[in-house]
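Residue strings, one per chain:
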Amino acid sequence: MAAPRGEFSSRFGFLMAASGSAVGLGNIWGFPTNAASNGGAAFLFTYLILAFALAYPALMAELIIGRYARANAVTALKTISVGEKTRLAAVTVGFVGIITVSFILSFYAIVSGWMIAFFFDPVARLLGMEGLATWLTTDAAVRNSLFVVVFMVLTVFIISAGVKDGIEKWASRLMPSLIIILLLLIVYVLTLPGALDGLRAYLIPDFSRVADPALLVSAMGQAFFSLSLGVGTMLVYGSYISKRENLPTIGSLVALLDVGIAVLAGMLILPAMYVALNNGVQIYDEAGGLIAGPGLIVSVLPALFETMGSIGVLVAFAFFALMTIASLTSSISMLEVPVAYGVEHHGIDRPKAAIVIGAVITVISLIIVFNFDPLFDLVVTYTTEVSQPLLGFAFCIFVAWIWRRNDILEEIKQGDPDVESGLFWKIWPFYVKYICPVAILVVYFQ
Ligand code: PFF
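Values in this document were obtained by computation on a predicted structure and should not be read as measured data. (Residues numbered from 1 in each chain as written. Predicted model: local features only at pLDDT ≥ 70, side-chain atom pairs only at ≥ 80, totals over all residues. Heavy atoms only, no water.)

(A) Quick look at the overall build of the protein chain. Helices and strands together make up the secondary structure of the protein chain, namely 18 helices and zero strands. Its C-alpha radius of gyration of 21 Å places the protein chain within 12% of the 22 Å reference for a compact globule of 446 residues. For the protein chain, the spread of C-alpha atoms along the three principal axes comes to 65 × 50 × 40 Å. Taking all 446 residues of the protein chain together, 56% fall into the buried category. (Helix = DSSP H or I, 4+ residues; strand = E, 2+ residues; numbered from the N terminus. Rg over C-alpha atoms; globule rule 2.2 N^0.38 Å. Buried < 20%, exposed > 50% of the residue type's maximum accessible area, 1.4 Å probe, protein only.)

The structure is reproduced here in structure tokens:
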């Protein structure tokens, strides 16, 4: 009853899709602000180590399971399990992943909706529609609901078109645009007065912070969220990779792109904040720390753009286009997880599955919008700080303790025949078996 499965048509297509999933609000907003509040380059240093030592092995675990099973998260975990009990655990972990990613999408869509609203603000101002501009930039449940719906319609539209004609096609268009816009913005902002102070705050390390548990927890959480781990996204994308591909290589390219873009984003956001300071915009909160929460995106940066005169309109437009693109290439990967399950397990056709599941997630988003204070932080905390690390832990256990080692090797050998004699096979199995689960638990209980 399963519908024919899609496949990425090229390595470039997969790289754009997977790095599109990884590069999102977490990179452009989360990483730079986390770095700024945790010792600048000391955070960067710890992040790089954790990303390659812990997040990359976990990413590989998902890609390998996905490509081996060529199935959605639930079926894939079941395929690598032996025995009744582990199969039951597999189904549970798969479902918790699907539910978690759906809730992540429900809050992500709200924030992404703000990005779209702010994207239209400069357009409204250019057209002299000041009233509309004020409405677009004023936080209100009606505005937020409308843009949640707009964002979810875009996400559903891309996912209904399938792997090659939807995900791959759009990621291959959007990701290069994202990189170009990001580079142009960096070059421009670095020419402005005050920018170098920002670069200094970002790049001069405060090494006394490196072993700070708070820094380790933030860096690890950031690395996991940023690589979209634990919830089956990378597993499902892995299931669409051709058997001819060299998995360790493309996995490391995805990690490099993700980390590289986060580091670049820091070279935009922190200099921009200090330019704002130079232009008289308040960038510190009452406690004396840099404003890092929603205030940064919806008030500090727009206030900066306003001080830039007419070019500020263009910069605002480019910046919020960047944020919207980053969100969309991530949201499609989230919606793909439940949709792949619906299509393969229940035989629903793809457009219908995308619309129905997308609609359910939109309703959850709207419930959060109308009950923002009690619900928003709760959903963010449960999904990203509780569920995602535990699922990451479970994926490592499935790969390293339950799945037969020989099957893993045979899977990686397709596309990488010499893997057994290389560095990857010497280190990775040990890492996912011992280091990753222990490290995840230690950080979790911090
Ligand atoms: N990696 C995305 C970001 O950094 O914004 C967030 C994300 C995408 C989390 C997909 C989870 C996910 F399944």
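Read on, since the account is not over.
(B) Up close: helix 10 (residues 213-226). Its 14 residues give helix 10 an end-to-end C-alpha distance of 19 Å, which sits within 8% of 20 Å, the value for a rise of 1.5 Å per residue. Inspection of helix 10 places Leu215, Ala219, Met220, Gln222, Ala223, Phe224 and Ser226 among the buried residues, and these make up the whole buried set. Its buried side turned inward, helix 10 meets helix 1 (11-22), helix 2 (25-37), helix 3 (41-69), helix 12 (247-278), helix 16 (372-402) and helix 18 (423-445). Capping of helix 10 at its N-terminal end is provided by Asp212; its side-chain oxygen lies 3.0 Å from the backbone amide nitrogen of Ala214. Directly beyond the C-terminal end of helix 10, a positive phi value near 55° is found at Ser228. (Expected span 1.5 Å × (residues − 1). Contact = heavy atoms within 4.5 Å. Polar contact = N/O pair within 3.5 Å; in protein donor to acceptor, adjacent residues only side chain to side chain.)

(C) Structural view of the pattern of salt bridges. A complete count under the given rule lists 14 salt bridges for this structure. For Lys243, the salt bridge identified is with Glu411, shortest N-O distance 3.0 Å. With a gap of 168 residues between them, Lys243 in the loop between helix 11 (233-238) and helix 12 and Glu411 in helix 17 (residues 405-413) connect regions that are remote in the sequence. Residues Glu336 and Arg350 are paired through a salt bridge, measuring 2.8 Å at the closest nitrogen-oxygen approach. Here Glu336 is found in helix 14 (residues 310-346), whereas its partner Arg350 is found in helix 15 (residues 350-370), with 14 residues between them in sequence. Residue Glu336 shares its accessibility class with Arg350, and that shared class is buried. The structure contains a network of salt bridges with shared partners spanning Arg67, Lys243 and Glu411. (Salt bridge = Lys/Arg side-chain N within 4 Å of Asp/Glu carboxyl O.)

(D) Local environment of the packing of aromatic side chains. Counted according to the given criterion, the structure contains 27 aromatic pairs. Relative to Phe320, the ring of Phe305 has its centre 6.3 Å away and its plane inclined at 90°; by these criteria the two rings are edge-to-face. Of this pair, Phe305 sits in helix 13 (residues 294-307) while Phe320 sits in helix 14, placing them 15 residues apart in sequence. Phe320 gets classed as buried once you look at its relative accessible area, which sits at 2%. Among the aromatic side chains, those forming a connected cluster through ring pairs are Phe8, Phe14, Tyr237 and Tyr240. Of note, Arg173 hangs over the ring of Trp170, and the distance from its end group to the ring centre comes to 4.7 Å. The ring of Trp401 has Lys433 sitting right over it, with the charged end atom 4.7 Å from the ring centre. (Phe/Tyr/Trp six-rings, centres within 6.5 Å; stacked < 30°, edge-to-face > 60°. Lys NZ or Arg CZ within 6 Å of the ring centre and 35° of its normal.)

(E) Structural detail: the site of the ligand. Taken together, 16 residues sit near the ligand, with Ala22, Gly26, Tyr108, Phe225 and Thr233 positioned nearest. In the environment of the ligand, an oxygen atom lies 3.1 Å from a nitrogen or oxygen atom belonging to the backbone of Leu25. Burial of the ligand by the protein amounts to 100% of the accessible area it has alone, namely 340 Å². Put simply, the parts of the chain that give the shell around the ligand at least two residues each are helix 1, helix 2, helix 5 (84-126), helix 10 and helix 14. Of the residues that constitute the shell around the ligand, the class distribution is seven nonpolar, nine polar and no charged. (Near = heavy atom within 4 Å. Areas by Shrake-Rupley, 256 points an atom, 1.4 Å probe, with all protein chains shown as cover. Nonpolar A, V, L, I, M, F, W, Y, C, P; charged D, E, K, R; others polar.)

(F) Examining unusual backbone geometry more closely. With a phi angle near 50°, Arg70 is a residue other than glycine that sits in the positive phi range. If you trace the backbone, Arg70 turns up in the loop between helix 3 and helix 4 (73-79). Classification of Arg70 as partly exposed rests on a relative accessible area of 24%. Despite not being glycine, Ser228 shows a phi value in the positive range, around 55°. As for its placement among the helices and strands, Ser228 is situated in the loop between helix 10 and helix 11. Residue Ser228 is classed as buried on the basis of its relative accessible area, which comes to 10%.

(G) Highlighting the packing of helix 8 (residues 163-190) against helix 12. In the contact formed by helix 8 and helix 12, the axes pass within 9 Å of each other and the chain directions differ by 35°. Handedness of the crossing formed by helix 8 with helix 12: left-handed. Seen from helix 8, the contacting residues are Met175, Leu178, Ile179, Leu182, Leu183, Leu185, Ile186, Val189 and Leu190; seen from helix 12, they are Ile261, Leu264, Ala265, Met267, Leu268, Pro271, Ala272 and Val275. Residues belonging to the contact of helix 8 with helix 12 are distributed by class as follows: 17 nonpolar, no polar and no charged. (Axes fitted to C-alpha atoms, helices over the stretch in contact; angles between N-to-C directions. Left-handed = near helix turned anticlockwise from the far one by under 90°.)

(H) Representation of the side chain of Ser242 in the model. Along the polypeptide, Ser242 turns up in the loop between helix 11 and helix 12. Leave out the neighbours within four places in its chain, and Ser242 touches Glu7, Arg67 and Arg70.

(I) The arrangement of helix 7 (residues 141-160) in detail. Over its 20 residues, helix 7 extends 28 Å from the first C-alpha to the last, a length consistent with the 28 Å expected when each residue adds 1.5 Å. Buried residues of helix 7: Arg143, Asn144, Ser145, Phe147, Val148, Phe151, Met152, Thr155, Val156, Ile158 and Ile159, and no others. Elements that come into contact with the buried residues of helix 7 comprise helix 5, helix 6 (130-137), helix 8, helix 14 and helix 15. Where helix 7 ends, the next residue or the one after it, Gly162, has phi of about 100°, a positive value.

(J) Main features of the environment of Phe393. Mapped onto the fold, Phe393 is located in helix 16. Taking C-alpha positions, Phe393 is 5.3 Å from Pro437, a pair spaced 44 residues apart along the chain. Setting aside anything within four residues of it in sequence, one finds Phe393 in contact with Pro437, Ile440 and Leu441.

These results come straight from atomic positions and should not be treated as a statement about function.
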